[in-house]
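Structural overview for review
So the chains spell out like this:
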Amino acid sequence: MTSNLGETCTVEGAQYLSVSATEVEICDLFQSKLSEALGSGGPGGDVAVSLEIEKSGTINASVTKTAESTPTNYPTVSVDVMDRPLNLSDVEQLAMSAARVIQTEDARAADSTE
């Protein structure tokens, strides 16, 4: 799925959410919350997102900035839920956590080039 933000997103395991949502809806929600959290402080350019939803109650996000000659792979971010099934609020929480990781990694990279 490609959005107008220049981002690409894939989802595996959508059937493990407690609500019926398509891969496109899950990606749109994740990307919307990620963009909202990053504001103008995002990685810029094209970003590839891979979401993996596991039956065990874990959702993982792998984010890669693809706009540069050498892609930047950010650390994988996960949300684990043990007391209930995963739902869309967990996708939102994952996006917010991914945004914090992106901001931290970009700040660390900027500090190392100074």
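The present account deals with the structure reproduced in this document. As the structure is a prediction and not an experimental result, all values here were calculated from the model.

Along any regular strand, the residues point their side chains to alternate faces of the sheet. Residues Val47, Val49, Leu51 and Ile53 point to one face of strand β2 (residues 47–53) and are all buried, whereas Ala48, Ser50 and Glu52, pointing to the other face, are not buried. The pairing of β2 with strand β3 (residues 58–65) spans 7 bridges and is classified as antiparallel. Bridge pairing in β3 places Ser50 opposite Ser62. Taking the residues between adjacent antiparallel strands as the criterion, β2 and β3 are bridged by 4 residues, where Gly57 takes a positive phi near 100 degrees.

The next thing to look at is the nonpolar core. Counting 29 residues, the largest nonpolar core has Val11, Ile26, Phe30, Leu34, Leu51 and Leu94 as the members making the most contacts within it. Of all the secondary structure elements, the ones that give two or more residues to this core are β1 (7–12), α1 (23–38), β2, β3, β5 (77–80) and α2 (88–113).

Parameters at a glance
Residues numbered from 1 in each chain as written. Predicted model: local features only at pLDDT ≥ 70, side-chain atom pairs only at ≥ 80, totals over all residues. Heavy atoms only, no water. Buried < 20%, exposed > 50% of the residue type's maximum accessible area, 1.4 Å probe, protein only. Helix = DSSP H or I, 4+ residues; strand = E, 2+ residues; numbered from the N terminus. Pairing = 2+ DSSP bridges. Core = buried A, V, L, I, M, F, W, Y, C linked by side-chain atoms within 4.5 Å.

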